[in-house]
Amino acid sequence: MKENILVKYNDIHKSYGDLEVLKGINLGIHEGEKVALIGPSGSGKTTLARLLMTLEEPTEGTIEVDGKLLWHEEVNGKLQRASEKHLHEVRGNIGMVFQHFHLFPHMTVLENIMEAPMSVLGLKKSEAKKDAEEMLEKVGLIDKVDTYPAQLSGGQKQRVAIARALVMRPKIMIFDEPTSALDPELVGEVLDVIKEIALEGKMGMLLITHEMDFAMDIADRVVFFDEGIILEQGPPKELFNNPETDRLQSFLSRFTNGGIG
Ligand SMILES: Nc1ncnc2c1ncn2[C@@H]1O[C@H](COP(=O)(O)OP(=O)(O)OP(=O)(O)O)[C@@H](O)[C@H]1O
């Protein structure tokens, strides 16, 4: 069993105005652990991921990454909002792949991947190029180095986005519905790449997906989530071979009936 907790949500609440989207989340992710987050549309999954990526700020509670508070710093024994420098530093451990790729359209595939290592990590161009090429090999797109995003299929764009996140060598990668914007015939190539990365084992993963079979296949733990709370969690085999899972079965049937998001 893995010992070290890499990410820890401590009683996290998040509201937008009067709408409380997360209602006290406690969740730990161990080093190298693959956690699949499953829940209906609007249940707060993306918000949970965006808090970790520092794209949203918690209303209450704390998040720890690799033993350090993410959103807070302790000054003279009191917790206060972290400085941008601190956020930037801790966020360096986290990579994210979004539903809609978010590639830079005016840059080639290679330039897209080299950009952050050069501007954020201060790598020399030659080093960044070498790393970028290594990642493109991994996602099977080394022949596309000089191509612009507009000339790629959705599946290829998402594989570039994965390479771009991987090249920063994060300790955890968040995948937020990485295949839901793709035509069905392109889903498999992206899932294959994610699975390959998962099998390497080193990196933690928080995977938000409605690809149920895929989640069951690669996840060490599945977390069922609805209306801002965790309903149930555990290793996929325990959750699905348990005769007392009527409640889970009815939860899952909402996905198969089109309530997925
Ligand atoms: N910036 C925002 N301002 C106001 N409300 C927001 C904001 N972001 C999200 N919400 C609301 O918070 C709730 C949870 O949204 P979130 O995107 O986290 O859910 P989700 O489970 O990821 O859903 P989906 O699968 O459809 O993306 C929704 O009701 C959404 O409308």
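As the structure is a prediction and not an experimental result, all values here were calculated from the model.

Participant: It is not clear to me how the overall build of the protein chain should be interpreted in this structure. Could you clarify?
Facilitator: Broken down by element type, the protein chain carries nine helices and twelve strands. In terms of overall dimensions, the protein chain is globule-like: its C-alpha atoms have a radius of gyration of 19 Å, near the 18 Å expected for 261 residues. For the protein chain, the residues scored as buried account for 36% of the 261 residues in total. Within the protein chain, counting contacts between residues at least 6 apart in sequence, those at least 24 apart form 65% of the total.

Participant: What's the story with the nonpolar core in this structure? I'm lost.
Facilitator: Where a protein is soluble and globular, its nonpolar side chains tend to be buried together. Within the largest apolar cluster, 66 residues are counted, with the highest numbers of intra-cluster contacts made by Leu 37 and Leu 207. Look past the residues within four positions of Leu 207 in its chain and what remains in contact with it is Lys 34, Val 35, Ala 36, Leu 37, Phe 175, Ala 215 and Ala 219.

Participant: So what exactly am I meant to see when it comes to the sheet that holds strand E9 (residues 172-176) here?
Facilitator: Note: strands within a sheet are paired through backbone hydrogen bonds, in either parallel or antiparallel orientation. Reading across from one edge, E8-E9-E10-E3-E11-E12 is the order of the six strands in this open sheet, with mixed pairing throughout. Looking at strand neighbours, the two that pair on one side only are strand E8 (94-97) and strand E12 (229-234), the edges of this open sheet. On average, each strand axis in the sheet is tilted by 20° relative to the strand beside it, whichever way the strands run. By the bridge criterion, five bridges tie E9 to strand E10 (residues 204-208) in an arrangement that is parallel. Residue pairing in the sheet places Ile 174 in a bridge with Leu 206 of E10.

Participant: How should I be thinking about helix H5 (residues 154-166) in this particular structure?
Facilitator: It helps to recall that an α-helix has 3.6 residues per turn; residues three or four apart then point in one direction. Along its 13 residues, H5 runs 18 Å from first to last C-alpha, staying within 8% of the 18 Å computed at 1.5 Å per residue. Of all 13 residues that make up H5, twelve are buried, and the element is covered over most of its length. Taken as a whole, H5 has its buried residues at Gly 155, Gln 156, Lys 157, Gln 158, Arg 159, Val 160, Ala 161, Ile 162, Ala 163, Arg 164, Ala 165 and Leu 166. Looking at the buried residues of H5, the elements they touch are E8, helix H3 (109-119), helix H4 (125-138), E9 and helix H6 (184-200).

Participant: How should I be thinking about unusual backbone geometry in this particular structure?
Facilitator: Comment: phi is negative for the bulk of residues other than glycine, and the bulk of peptide bonds are trans. Despite not being glycine, Glu 177 has its phi angle at roughly 45°, a positive value. Note that Glu 177 resides in the loop between E9 and H6. Unusually for a residue other than glycine, Glu 227 sits at a positive phi of about 50°. Checked against the element boundaries, Glu 227 lands in the loop between strand E11 (221-226) and E12. A tally of 14 C-beta atoms within 10 Å means that Glu 227 is categorised as partly exposed.

Participant: Hey, could you run me through the confidence of the model for the protein chain in this one?
Facilitator: The predicted coordinates should not be examined in detail at positions where pLDDT is low. In this model, the protein chain carries a mean pLDDT of 90, and residues with pLDDT of at least 70 account for 91%. Across the assembled chains, the prediction reports ipTM 0.94 with pTM 0.90.

Participant: Would you explain the pairing of strand E6 (residues 72-75) in this entry?
Facilitator: Looking at chain direction, E6 and strand E7 (residues 78-81) are connected through four bridges and run antiparallel. Residue pairing in the sheet places His 72 in a bridge with Arg 81 of E7. What sits between E6 and E7 in their antiparallel hairpin is a turn of two residues, with Asn 76 showing a positive phi close to 50°.

Participant: Any chance you could explain the packing of H3 against H4 here in plain terms?
Facilitator: Any two packed helices are characterised by how steeply their axes cross, that is the angle between the axes, and by the distance between the axes. Here H3 crosses H4 at 125°, and the two axes come no closer than 9 Å. By the angle between their axes, H3 is oblique relative to H4. Considering the relative orientation of H3 and H4, their crossing is right-handed. Between H3 and H4, the contacting residues are Val 109, Leu 110, Ile 113, Met 114, Pro 117 and Met 118 on the first element and Lys 125, Ala 128, Lys 129, Asp 131, Ala 132, Met 135 and Leu 136 on the second. Partitioned by chemical class, the residues of the contact of H3 with H4 number ten nonpolar, no polar and three charged.

Participant: When you look at helix H1 (residues 45-52) in this model, what are you seeing that I'm missing?
Facilitator: Judged by how many residues are buried, H1 sits mostly within the fold: six of eight residues are covered. Among the residues making up H1, those that are buried are Lys 45, Thr 46, Leu 48, Ala 49, Leu 51 and Leu 52. Where H1 terminates, the next one or two residues include Thr 54, which has phi positive at roughly 60°.

Participant: Looking at this structure, I do not really get the environment of Ile 197. What am I missing?
Facilitator: Inspection of the secondary structure puts Ile 197 in helix H6. Assessed through the 21 C-beta atoms surrounding it within 10 Å, Ile 197 is described here as buried. Taking C-alpha positions, Ile 197 is 24 Å from Asp 146, a pair spaced 51 residues apart along the chain.

Participant: Looking at this structure, I do not really get the pairing of E8. What am I missing?
Facilitator: Within a regular strand, side chains alternate between the sheet's two faces. Residues Ile 94 and Met 96 line one face of E8 and the alternating positions Gly 95 and Val 97 line the opposite face, and both faces are buried. One ladder, built from four bridges, connects E8 with E9; its direction is parallel. Bridge pairing links Gly 95 to Met 173 in E9.

So, how was this worked out
Residues numbered from 1 in each chain as written. Predicted model: local features only at pLDDT ≥ 70, side-chain atom pairs only at ≥ 80, totals over all residues. Helix = DSSP H or I, 4+ residues; strand = E, 2+ residues; numbered from the N terminus. Rg over C-alpha atoms; globule rule 2.2 N^0.38 Å. Buried ≥ 20, exposed ≤ 12 C-beta atoms within 10 Å, placed from the backbone. Contact = placed C-beta atoms within 7 Å. Core = buried A, V, L, I, M, F, W, Y, C linked by C-beta atoms within 7 Å. Pairing = 2+ DSSP bridges. Axes fitted to C-alpha atoms, helices over the stretch in contact; angles between N-to-C directions. Expected span 1.5 Å × (residues − 1). pLDDT = per-residue confidence, 0-100. Parallel < 35°, antiparallel > 145°, perpendicular 65-115°, else oblique. Left-handed = near helix turned anticlockwise from the far one by under 90°. Nonpolar A, V, L, I, M, F, W, Y, C, P; charged D, E, K, R; others polar.

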